[in-house]
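Architecture and fold: a report
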Amino acid sequence: MVQNHDYKQARERMVKTQLIPRGITDPRVLAAMRKVPRHLFVEEALRGEAYNDHPLPIGHKQTISQPYIVALMTQALELKGDEHVLEIGTGSGYQTAILAELSEKVYTVERIRPLLEKARKTLWELGYTNILFKAFDGTLGWKEYAPFDAIIVTAGAPKIPQPLLDQLAEGGRLVIPVGGRFSQDLVKVTKKNGHIIQKDLGGCRFVDLVGVHGWKE
Ligand code: SAH
C-alpha cells in the first residue's frame, strides 16, 4: 500500500529532477506543484506513475499533461494571485487545481461532459471553491466573464481562436499549443496596447482542440 507521504516524496523528486533543472523558477509555481496531489487526478491503477515524466491516459482518448508542461505553461501565465483565468480543456482537472492555487478565480471549459463532471468532483473533494465549470466548446471562450487576465489552452489548435484573443484583457497572457495534429509549438501571446505579441516556448504534443475555431471532429 502506497502511503501519502510516499506521494509527497514523489512530488518533491518531480520538482527537483523534472522542473527545476529545466528552468521552472517561479517559487509560487514550484510550491503549487509540490502541493497538488496529482495521483488523485488519475485512475487508481495509474497512481504509481502519476509523478513520472510523461502524460497519462484519463479516458475518452484524452490525457493528463506531463508535469513539466503543466509547470511551463503555468509559469508563462505569470500569475500573482489576483487574476481571473480562463482554462480550455479541463480534462482531469489537475491543471485547474494548479491554477486555482495561484489565482483568484478559474473559469474552466471542457467539451466532454463526463470528464468535466469527474474533474468537478475531484476538485470539490480537494476543497477548491474558486473554480467555475462549463461543458462547452472552449474555442468560443466564455464571453460572460471576459476579459480574462490569463488564458490557457491545453489542447492543440490549428491556429489561435480569435474569440480567445478578443477575450484577453489588456496586459493579459495567453498560452496555447499551435501547429499540426501531431506536433505543435507552445505559443505565448501578450496583449499590449491592443497589440498582440507572440513568443515561442518550444515544441510540444497535445491532443486535438476540437471545435468551431479548432479541428473538426
Ligand atoms: N489540462 C488537462 C489536459 C486534458 S487533455 C489535464 O491536465 O488533465 C485536453 C482536453 O481538452 C481534453 O479533455 C479535451 O476533451 C479538451 N478539449 C478539446 N477541445 C476542446 C474544446 N473545444 N473545448 C473544451 N475542451 C476541449
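Here, every reference points to the structure presented above.
Being a predicted model, the structure only gives us computed values, none of them experimental. (Residues numbered from 1 in each chain as written. Predicted model: local features only at pLDDT ≥ 70, side-chain atom pairs only at ≥ 80, totals over all residues. Heavy atoms only, no water.)

Looking now at the sheet that holds strand β9 (residues 195-204). Taking strand neighbours across the sheet as the criterion, the 7 strands line up as β5-β4-β3-β6-β7-β8-β9 in an open arrangement whose pairing is mixed. Only two strands of the sheet have a single partner each, and these edge strands are β5 (131-135) and β9. For this sheet the average axis-to-axis angle between neighbouring strands, irrespective of direction, equals 15°. Sheet analysis places strand β3 (residues 84-88) next to strand β4 (residues 105-110), joined by 5 bridges and oriented parallel. In the strand pairing of β4, His84 is matched with Lys105. (Pairing = 2+ DSSP bridges. Helix = DSSP H or I, 4+ residues; strand = E, 2+ residues; numbered from the N terminus. Axes fitted to C-alpha atoms, helices over the stretch in contact; angles between N-to-C directions.)

Take the pattern of salt bridges next. Using the criterion set out here, one finds 9 salt bridges in the structure. In this structure, the salt-bridge partner of Arg34 is Glu12, at a minimum N-O distance of 2.9 Å. Placement of Arg34 in helix α2 (residues 27-35) and of Glu12 in helix α1 (residues 4-19) is noted, with a sequence separation of 22 residues between them. Under the relative-accessibility criterion, Glu12 is labelled partly exposed at 26%. With its nearest N and O atoms 2.5 Å apart, the salt bridge here joins Lys188 to Glu78. Of the two residues, Lys188 sits in strand β8 (residues 184-192) while Glu78 sits in the loop between α3 (67-76) and β3, which places them 110 residues apart along the sequence. For Lys188, a relative accessible area of 12% corresponds to the buried category. Overall, the relative accessible area of 35% leaves Glu78 in the partly exposed class. Taken together, the salt bridges that share partners define one network made up of Glu12, Lys16 and Arg34. (Salt bridge = Lys/Arg side-chain N within 4 Å of Asp/Glu carboxyl O. Buried < 20%, exposed > 50% of the residue type's maximum accessible area, 1.4 Å probe, protein only.)

Below, the discussion takes up the site of the ligand. Around the ligand, 25 residues are found, and the nearest of them are Ser92, Glu110, Asp137, Gly138 and Val210. Considering the ligand on its own, with 580 Å² of exposed area, one finds that the protein chains cover 99% of that surface. Counting residues per element, the ones that place at least two in the shell around the ligand are β2 (62-64) and β4. At 3 residues, β2 tops the list of elements feeding residues into the shell around the ligand. For the shell around the ligand, the class distribution of residues is 10 nonpolar, 11 polar and 4 charged. (Near = heavy atom within 4 Å. Areas by Shrake-Rupley, 256 points an atom, 1.4 Å probe, with all protein chains shown as cover. Nonpolar A, V, L, I, M, F, W, Y, C, P; charged D, E, K, R; others polar.)

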